[in-house]
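A structural walkthrough
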Amino acid sequence: MSISKKDVIANYLPKRTEAGLKAEAFAPSNIALCKYWGKRDVELNLPINGSLSISLGELGSHTSINESDTGEDQVYLNDELLEPDSKFASKVIRFIELFRRDLDQPITVRTVNNIPTAAGLASSASGFAALTLAVNDFYRFGLKKEHLSAFARMGSGSASRSIYQGFVEWHLGVRTDGMDSCAEPLAAQWPGFRIGLLKVATGEKKIDSRSGMQRTVESAPLYNSWPKQAANDLRVIKEAIKNRDLELLGQTAEQNALSMHATMIGSWPPLLYWQPESVAAMHRLWELRASGVQVYLTMDAGPNLKLIFHSESEAQVRDAFPELMDVDIVAPFG
Ligand code: 2P0
């Protein structure tokens with residue numbers, strides 16, 4: 001039996017939540033190089049495997065919390081006031097309630113995502129990470145970063161990693177309350193390391209990753225091999241980052257992503273996030289690589305590609321993919 005989020009969080013908060021004044025926070029989006037796919041605990045978003053990502057510098061979510069001046073909770077997304085029972089607003093308020101508890105103070109939450117829609121990135125990771133940081137500030141909890149990471153994870157698994165910049169590992173953890181399943185930044189720096197976002201298709205996906213991973217765990221025979229592969233990939237990717245070995249990192253990350261997709265395809269009903277344009281882009285990338293350019297791909301629960309390369313190959317990569325959106329991730333490396 002899983003412990004509830006409310007009970008886990010309450011163990012780390014003061015007895016009472018005191019009213020807040022205002023708070024603002026930013027958290028970056030992240031791209032996993034070793035993917036999180038499958039939960040051992042759905043209530044707490046505890047993963048079946050550890051994962052590792054790179055945060056996207058200044059691309060992410062800015063979130064502010066203020067006392068509401070209407071006497072009602074209000075949620076704005078990209079400057080638009082949402083209906084209180086919309087999916088996004090109710091998710092945000094349900095999350096806030098875990099921390100507000102019986103304090104009677106309606107609030108206004110504003111989230112602005114600066115991730116261009118053209119990038120085709122989901123924003124739940126940066127959104128829940130920024131919200132968690134803002135909550136900690138608003139109610140003056142003064143929580144440790146590892147606890148903030150664990151709480152952000154309860155909003156959305158990948159949000160645990162968005163608490164930090166740079167390369168970030170999300171530990172599997174062993175505790176039933178999940179508090180050791182939190183992220184930690186790697187000390188490693190890698191100047192010139194690049195992620196390019198390649199949006200190949202538009203439109204909202206029909207199956208969100210939450211239901212997609214559940215379906216895979218429950219119905220894909222191939223999923224049996226995933227935890228072992230992911231554990232090994234995670235180890236190899238950390239080694240590759242330490243040695244700045246782009247070939248080893250790229251190969252492992254690409255194989256990790258495609259193996260994750262193989263488990264989805266082997267689910268029932270089958271789950272295929274790729275569009276014809278995704279497959280065409282994969283072939284274009286493999287041709288470029290065959291011509292000697294070190295460029296690798298990763299993909300999440302959607303049709304778009306993320307390219308992994310070094311700034312030394314930037315000109316050739318851009319030549320082959322003029323529509324590529326390059327992400328400057330040098331800044332977090334200091
Ligand atoms: C990842 N994804 O590691 C993997 C790879 C998608 C594919 O984390 O249910 O939105 O909120 O914990 O974090 C997307 O899943 O899922 C994700 P929930 P989340 O980036």
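Residues numbered from 1 in each chain as written. Predicted model: local features only at pLDDT ≥ 70, side-chain atom pairs only at ≥ 80, totals over all residues. Heavy atoms only, no water.

This brings us to a positive patch on the surface. A cluster of basic side chains, namely Lys87, Lys91, Arg94 and Arg210, defines a positive patch on the protein surface. Here the element with the most residues in the positive patch is helix H2 (residues 87–100); it accounts for 3 residues. As for its position among the elements, Lys87 is in helix H2. You can call Lys87 exposed: its relative accessible area is 62%. (Patch = residues over 30% accessible without salt bridge, like charges linked within 9 Å, V, L, I, M, F, W, Y side chains within 5 Å. Areas by Shrake-Rupley, 256 points an atom, 1.4 Å probe, with all protein chains shown as cover. Salt bridge = Lys/Arg side-chain N within 4 Å of Asp/Glu carboxyl O. Lys, Arg positive; Asp, Glu negative; His and termini not counted. Charge placed at Lys NZ, Arg CZ, Asp CG, Glu CD. Helix = DSSP H or I, 4+ residues; strand = E, 2+ residues; numbered from the N terminus. Buried < 20%, exposed > 50% of the residue type's maximum accessible area, 1.4 Å probe, protein only.)

What follows covers the nonpolar core. Core analysis: the biggest nonpolar cluster contains 82 residues, and Phe99 and Phe193 have the highest contact counts within it. Once residues lying within four places of it in the same chain are set aside, the contact partners of Phe99 are Ile9, Leu13, Thr17, Val135, Tyr139, Phe141 and Phe151. Judged by nonpolar contacts, the second largest core, of 17 residues, contains Leu288, Met299, Phe309 and Phe321. (Core = buried A, V, L, I, M, F, W, Y, C linked by side-chain atoms within 4.5 Å. Contact = heavy atoms within 4.5 Å.)

Our next topic: the environment of Leu324. Its place among the elements puts Leu324 in the loop between helix H9 (314–320) and strand E13 (325–327). For Leu324 and Gly196, which are 128 residues apart along the polypeptide, the C-alpha to C-alpha distance reads 6.0 Å.

With the rule as written, the count across this model stands at 11 aromatic pairs. A centroid spacing of 6.3 Å and a plane angle of 40° characterise the contact between Phe99 and Phe141, whose relative ring orientation is tilted. Linking Phe99 in helix H2 with Phe141 in the loop between helix H3 (124–138) and helix H4 (145–155), this pair joins segments that are 42 residues apart in sequence. Put simply, the rings of Tyr12, Phe95, Phe99, Phe128, Phe138, Tyr139, Phe141 and Phe151 touch in pairs and so form one group of aromatic residues. Directly above the ring of Tyr76 sits Arg110, whose terminal nitrogen or CZ lies 4.0 Å from the centroid. (Phe/Tyr/Trp six-rings, centres within 6.5 Å; stacked < 30°, edge-to-face > 60°. Lys NZ or Arg CZ within 6 Å of the ring centre and 35° of its normal.)

Helices that pack against each other are described as a pair by the angle of their axes relative to one another and the distance between those axes. At a closest axis distance of 9 Å, the pairing of H3 and H4 adopts a crossing angle of 130°. By the angle between their directions, the pair H3 and H4 is classed as oblique. Note on packing geometry: the crossing formed by H3 with H4 is right-handed. Every residue of H4 that contacts H3 at Phe128, Ala129, Thr132, Leu133 and Asn136 is listed here: Leu148, Phe151, Ala152 and Gly155. Each residue belonging to the contact of H3 with H4 can be placed in one class, and the counts come to 6 nonpolar, 3 polar and no charged. (Axes fitted to C-alpha atoms, helices over the stretch in contact; angles between N-to-C directions. Parallel < 35°, antiparallel > 145°, perpendicular 65-115°, else oblique. Left-handed = near helix turned anticlockwise from the far one by under 90°. Nonpolar A, V, L, I, M, F, W, Y, C, P; charged D, E, K, R; others polar.)

Examined at the domain level, the chain breaks down into domain 1 (5–185) and domain 2 (193–330). Using C-alpha coordinates to define each centre, domain 1 is positioned 25 Å away from domain 2. Every contact between the two is made by 32 residues of domain 1 and, on the other side, 39 residues of domain 2. Summed over both partners, the interface of domain 1 with domain 2 buries about 2800 Å², with 72% contributed by carbon and sulfur atoms. In terms of surface lost to domain 2, no three residues of domain 1 exceed Leu33, Lys35 and Trp37, which account for 31% of the buried area on that side. For Lys238, the salt bridge identified is with Glu169, shortest N-O distance 3.0 Å. Listed by contribution, the elements that provide at least two residues to the side of domain 1 that touches domain 2 are strand E1 (22–34), strand E4 (51–67) and strand E8 (167–170). The dominant element in the side of domain 1 that touches domain 2, judged by the number of residues it contributes, is E4, at 7 residues. Of the residues contributing to the side of domain 1 that touches domain 2, the split by class is 17 nonpolar, 11 polar and 4 charged. (Domains from an automatic or database assignment. Buried area = accessible area lost by both parts, 1.4 Å probe.)

In this structure the tally under the stated criterion is 11 salt bridges. For the salt bridge of Arg100 with Asp73, the shortest nitrogen-to-oxygen distance reads 2.8 Å. Here Arg100, found in helix H2, pairs with Asp73, found in the loop between E4 and strand E5 (74–77); they are 27 residues apart in sequence, far enough to count as distant. The partly exposed category is assigned to Asp73, whose relative accessible area is 26%. Here Asp177 ties to Arg175 by a salt bridge, and the two come within 2.8 Å at their closest N and O atoms. By relative accessible area, Asp177 is classed as buried at 11%. Salt bridges sharing partners connect three or more residues here, namely Lys35, Asp300 and Lys306.

Attention now goes to the environment of Gly292. For Gly292, the location among the structural elements is in the loop between helix H8 (276–290) and strand E11 (295–299). Among the residues examined, Gly292 registers a relative accessible area of 59% and is labelled exposed. As a C-alpha pair, Gly292 and Ser313 span 21 residues in sequence and 10.0 Å in three-dimensional space.

This part takes up the sheet that holds E13. In any sheet, the strands associate via hydrogen bonds between backbone groups, in a parallel or an antiparallel arrangement. On the basis of which strands lie adjacent, the open sheet formed by 4 strands has the order E11-E12-E10-E13 and antiparallel pairing. Strands at the two margins of the open sheet, each flanked by one partner only, are E11 and E13. The average undirected angle you get between the axes of adjacent strands in this sheet is 30°. The pairing of strand E10 (residues 193–198) with strand E12 (residues 305–310) spans 6 bridges and is classified as antiparallel. By the bridge assignment, Phe193 is partnered in E12 with His310. Seen against the sheet, H8 touches E10, E11 and E12 and runs at an angle of roughly 155° to E11. (Pairing = 2+ DSSP bridges.)

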